[in-house]
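Coordinate inspection notes
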2 protein chains.
Amino acid sequence: MSENRSYAILGTGALGGFYGARLQQVGLDVHFLLRSDYEYVKKHGLFIESPDGSFRLSHVNAYRNVLDVPPCDVVVVALKTTQNNLLRQMLPSLVKDNSVVLVLQNGLGVEEDVAAIVGSNRVMGGLCFTCNDKVAPGHIRHLRYGVITLAEYACNYLTCGITERMLQVKSDFESAGVLIQLAEDLLLARWKKLICNIPFNGLTVVLNATIKDLISDVHTRALIEQMMQEMVAVAAAYGRAIADDYIEKRLKFIAKMGPYRTSTKIDFDQRRSLEVEAIFGKPLRAAQQAGLDTPQLAMLYRQLKFLDTYYCTNQAIAVLSH
Amino acid sequence: MSENRSYAILGTGALGGFYGARLQQVGLDVHFLLRSDYEYVKKHGLFIESPDGSFRLSHVNAYRNVLDVPPCDVVVVALKTTQNNLLRQMLPSLVKDNSVVLVLQNGLGVEEDVAAIVGSNRVMGGLCFTCNDKVAPGHIRHLRYGVITLAEYACNYLTCGITERMLQVKSDFESAGVLIQLAEDLLLARWKKLICNIPFNGLTVVLNATIKDLISDVHTRALIEQMMQEMVAVAAAYGRAIADDYIEKRLKFIAKMGPYRTSTKIDFDQRRSLEVEAIFGKPLRAAQQAGLDTPQLAMLYRQLKFLDTYYCTNQAIAVLSH
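Thresholds applied
- Residues numbered from 1 in each chain as written.
- Chains lettered and ligands numbered in written order.
- Predicted model: local features only at pLDDT ≥ 70, side-chain atom pairs only at ≥ 80, totals over all residues.
- Heavy atoms only, no water.
- Helix = DSSP H or I, 4+ residues; strand = E, 2+ residues; numbered from the N terminus.
- Rg over C-alpha atoms; globule rule 2.2 N^0.38 Å.
- Contact = heavy atoms within 4.5 Å.
- Lys, Arg positive; Asp, Glu negative; His and termini not counted.
- Charge placed at Lys NZ, Arg CZ, Asp CG, Glu CD.
- Buried < 20%, exposed > 50% of the residue type's maximum accessible area, 1.4 Å probe, protein only.
- Buried area = accessible area lost by both parts, 1.4 Å probe.
- Salt bridge = Lys/Arg side-chain N within 4 Å of Asp/Glu carboxyl O.
- Polar contact = N/O pair within 3.5 Å; in protein donor to acceptor, adjacent residues only side chain to side chain.
- Nonpolar A, V, L, I, M, F, W, Y, C, P; charged D, E, K, R; others polar.
- UniProt positions renumbered as here; feature names shortened; annotations may be inferred.
- Domains from an automatic or database assignment.
- Phe/Tyr/Trp six-rings, centres within 6.5 Å; stacked < 30°, edge-to-face > 60°.
- Lys NZ or Arg CZ within 6 Å of the ring centre and 35° of its normal.
- pLDDT = per-residue confidence, 0-100.
- Least-squares fit on C-alpha atoms with pLDDT ≥ 70 in both.

**Some thoughts on the overall build of chain A**
When its secondary structure is counted, chain A shows twelve helices and ten strands. A globule of 322 residues ought to have a C-alpha radius of gyration of about 20 Å, and chain A, at 19 Å, matches this closely. Taking as baseline every contact in chain A between residues at least 6 positions apart, the subset at least 24 positions apart corresponds to 71%. Charged side chains in chain A number 34 positive and 32 negative. The centres of these two groups are separated by 4 Å.

Structure (C-alpha cells):
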C-alpha cells in the first residue's frame, strides 16, 4: 500500500460514516458511498456528534454510484450484512493490486464472502466495539467506545499473526483517534464477539429490553449465560479455546455499561431488516456442522426470523445508479 | 349433590362471568364473587355478548366478600392462577359435605392446589376451549367455541372414570347451552391442552404475534412442533401416551381458527400478571423431575418470566373485604 493511503467507505451509516469522517478529519483521502443520504451529504457533508469532540466535515467525496469511486488502498465494508449480495457488484472496481478490504461487519463468515470476490489475500476483519446511531441524514451520533479489533483473514481462518499492513491500518486509525487492538486469530476474535452479540443482540429484540434489564433479571441472566456456554462449545469445536472466566468477565463489564441499544435492537426499532443470518444463522449452522446441539441459539434464530419477516422491511436497495 | 344445584363463581371475569351467566340464565342458583367490577355488576348485572345470542342479566347475586357467599353445590374456580394464593381463604366456607370444586383454570397441577385445601374427593377439573374477553365492567364478549372437557381429580391424578356427579354437572351446563365433553383421565386432558397452550400462549406474547402468523411462518411453525414434541415426551414420562398424529391434527385445526388472541396474550396486552407458573413453570418442573431436558420450554419460561416482571403488574388483590 502507498504511504498516504486512500479509503473507500461502503455504507456511510452509523459505523462507516463515523470512522470514515474521523479518517478524513486528520487528512486522509476518503471516499464515501451513500444511498438514501447521498443528496444531503453531497450538499452538506457529515456531522459527527461525539463525547470525544463533535465536528463537521462540510465537504466529503460522496458517491451514489460505486463505479465513480476510485480504487482505494483500503476498502471498508460497513454495509449491513443484509446487503452483502451487493458486494459482488461493488468490490471488483475498487480494489487495486495491493488493496485490502477491511470488513467491519458483525457475524460469522463475513470475510469468506468477501474473499470469494477479491481473493483471500486481500481481506482483513475488523470487530467494532462502539455505540453509534445515525440520527438524521449525514448526522451520526457516537455515544461511547469505538475500539476496533483488527485481524488478518486467511483461507479457512488460519491464524496469520500480525502483518505489516495491519500496522499501517492501525497507524491510520490511531492518527484519527480510533483505538486499534491487533489480534492474531480472526476466528477467535469473531467467536468472542459472537458470544456477547448472540444473547444480547437477540434478546434485546425479542424481549424489547435493554442490556441492563436482561442482565439484572435472574431468568434472562441464566439464559444469557447458557447461550454463551453453547457458543463457547461451538468455538472449541473449531479449535478456538475460550478461557473459563471469559463469560463472567464479559458479563461483569457489560453490567456496567450504560443503557445502550444493541445494533440489532436499533435495526428492529427502525424496522430495518435484521442481520439474522450473519449473527445467528451462520453460528447455528457452524454448530450443526460440528455436530453440536445448541437449542437456545436455534430457538432464538427462529424467533428472530419470524420478527424479521413480520416486522422489518427488506428495502429494495439500488446502489448502482443508471 | 341436591337436585337443584347451586353454583358459586370465584372470579367473574371473561370465563367465570360467561359460564355463570349462562347457568343463571336457565334458572340455576348462581353466586358471583367479584373484585373490581363489584359495584357496577351489583347495580347493572351482567351483559353477555355472544354469536350464540347476547343477553343481559339485570340482577345477579354479586358479592365482594367471600364470607357472604353461601356454601354451594358446585364451586367454580375461575380466577387467574396468579391469584391462587387466595384459595386458602376462599374455599373453606364455600364447600358443603357433598360440594365439588370445579377448577376451570389453565395449567398443570391446579387441582392439586385445590385438593390440598378441600380434599381430593371434592375436586373436578374443567378444561375450557373458548375465546372470551371482558371488554368492560360486567360486559363479557364471547367470540367463539365454549366447550369444556370435564374430568374427575384423584390423588396423584389417578384415572377415575366417569362419575355420577360429572353427569350432573354436564347436565347443568348442557341445559345452559354449554357443550361438555367427559374425560376419564384428567392428567391426559391437561397435557393435551398444554401441548397447545405452551407454544401458542407463550409465543404470541414473546413475539407479539397472532396464532395465525405463528403457524404460517416456517420458522415458528417448526419451533411450535418441536415444543409440542417436548411436551409429548414429558406426558409419556408420566404415563400419558399421546398419539403420533395428535400434533398434526391439532395444528391443522388451529390453522383454521380465526385471529383470536390467547388468554396469555390478552393478559399481556392488558399488562396483567401472566400465568407463567401454571402454564409453563409447572410443566417445566415436571419435565425436570422426570429427568427430561426441554430446552425450548425452559427458554420460553425464562423469556416469559422476564416479560412478566418488566411489563406486567402484580396487582395487590383484596377479595376479603373488612
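**Quick notes on the environment of Thr204(B)**
All names here are of chain B. Tracing the chain through its elements places Thr204 in helix 6 (residues 186-206). The class of Thr204 is buried, set by a relative accessible area of 1%. As a C-alpha pair, Thr204 and Arg261 span 57 residues in sequence and 7.8 Å in three-dimensional space. Setting aside chain neighbours within four positions, we find Thr204 in contact with Pro199, Ala209, Thr210, Ile211, Leu214, Thr262 and Lys265.

**Regarding the interface of chain A and chain B**
Chain A puts 28 residues into the contact, and the matching count from chain B is 28 residues. When chain A packs against chain B, the two sides together hide about 2,400 Å² of surface, and 65% of this comes from carbon and sulfur. At the boundary of chain A with chain B, the tally comes to zero salt bridges. Counting the contacts that link chain A with chain B gives five residue pairs in polar contact (both at pLDDT 80 or more). Secondary-structure elements contributing two or more residues to the side of chain A that touches chain B are helix 6 (186-206), helix 7 (211-216), helix 8 (218-237) and helix 12 (295-311) of chain A. Ranked by residues supplied to the side of chain A that touches chain B, first place goes to helix 12 of chain A with 13 residues. Of the residues in the side of chain A that touches chain B, the class split is 16 nonpolar, eight polar and four charged.

**A word on the UniProt feature "domain: Ketopantoate reductase N-terminal" (unreviewed entry) in chain A**
The UniProt entry lists residues 7-153 of chain A under the feature "domain: Ketopantoate reductase N-terminal" (unreviewed entry), expressed in the numbering used here. Structurally, residues 7-153 of chain A comprises 20% helix and 42% strand, and the distance from its first C-alpha atom to its last is 19 Å.

**Remarks on helix 1 (residues 16-25) of chain A**
Burial of helix 1 of chain A is extensive: nine of the ten residues sit out of reach of the surface. The set of residues buried in helix 1 of chain A consists of Gly16(A), Gly17(A), Phe18(A), Tyr19(A), Gly20(A), Ala21(A), Arg22(A), Leu23(A) and Gln24(A).

**Notes on the domain arrangement of chain A**
All names here are of chain A. Domain parsing of chain A yields domain 1 (6-184) and domain 2 (188-311). One C-alpha centre belongs to domain 1, the other to domain 2, and the line joining them spans 24 Å. Both faces considered, domain 1 and domain 2 share a buried interface measuring about 2,100 Å² in area, 53% of it formed by carbon and sulfur atoms. When the shortest N-O distance is used, the salt bridge between Glu111 and Arg190 registers 2.6 Å. Where domain 1 meets domain 2, there are twelve residue pairs in polar contact (both at pLDDT 80 or more). Only helix 4 (110-118), strand 8 (123-136) and strand 9 (139-152) provide two or more residues apiece to the side of domain 1 that touches domain 2. For the side of domain 1 that touches domain 2, the element with the most residues is strand 8, which contributes nine residues. Split by residue class, the side of domain 1 that touches domain 2 holds ten nonpolar, eleven polar and six charged.

**Quick notes on the pattern of salt bridges**
Per the stated rule, a full pass over the model turns up 42 salt bridges over all chains. As a salt-bridge pair, Lys134(B) and Asp37(B) come within 2.7 Å of each other at their nearest N and O atoms. Taken as a pair, Lys134(B) in strand 8 (residues 123-136) and Asp37(B) in the loop between strand 2 (29-33) and helix 2 (38-44) lie far apart in primary sequence, 97 residues in all. One salt bridge in this structure joins Glu49(B) and Arg141(B), with 3.2 Å as the shortest N-O distance. In this pair, Glu49(B) is assigned in strand 3 (residues 46-49) and Arg141(B) in strand 9 (residues 139-152), connecting sequence segments 92 residues apart. Arg141(B) sits in the partly exposed class, given a relative accessible area of 31%. Three or more residues are tied together by salt bridges with common partners; here these are Asp133(A), Arg261(A), Lys265(A) and Asp269(A).

**As for the packing of aromatic side chains**
In this structure the tally under the stated criterion is 20 aromatic pairs over all chains. Note on Tyr19(B) and Phe173(B): the rings are 6.1 Å apart at their centroids and 65° apart in plane angle, and the pair reads as edge-to-face. With a gap of 154 residues between them, Tyr19(B) in helix 1 (residues 16-25) and Phe173(B) in helix 5 (residues 164-175) connect regions that are remote in the sequence. No difference in accessibility class separates Tyr19(B) from Phe173(B), as the two residues are buried. Here a set of aromatic residues connected by ring pairs shows up, and it is made of Tyr7(A), Phe18(A), Tyr19(A) and Phe173(A). Geometry around Phe268(A) places Arg271(A) over its ring, the cationic atom sitting 4.4 Å from the centre. Here the basic side chain of Arg250(B) rests over the ring of Phe129(B), its NZ or CZ set 5.9 Å away from the ring centre.

**Side note on the confidence of the model for chain A**
Mean pLDDT over chain A works out to 94, with 97% of the residues at or above the 70 mark. Across residues 315-322 of chain A the pLDDT falls below 50, and counting only partners more than four positions away or on other chains, this stretch makes 18 contacts in the model.

**A closer look at the relation of the copies chain A and chain B**
Rotating chain A by 180° about the axis while translating it 0.0 Å along that axis superimposes it on chain B, leaving an RMSD of 0.0 Å. Read as a symmetry element, the transformation amounts to a two-fold axis. A share of 100% of interface residues in chain A that are also interface residues in chain B marks the association as one of identical surfaces.

**Concerning unusual backbone geometry**
Residue and element names in this part refer to chain A. Of note in this structure, Asn156 is not a glycine but carries a positive phi near 60°. Mapped onto the elements of the fold, Asn156 is located in the loop between strand 9 and helix 5 (164-175). Given a relative accessible area of 61%, Asn156 falls into the exposed group. At Tyr157, a residue that is not glycine, the phi angle is positive and equals roughly 55°. Note that Tyr157 resides in the loop between strand 9 and helix 5. Its relative accessible area of 7% is what places Tyr157 among the buried residues.

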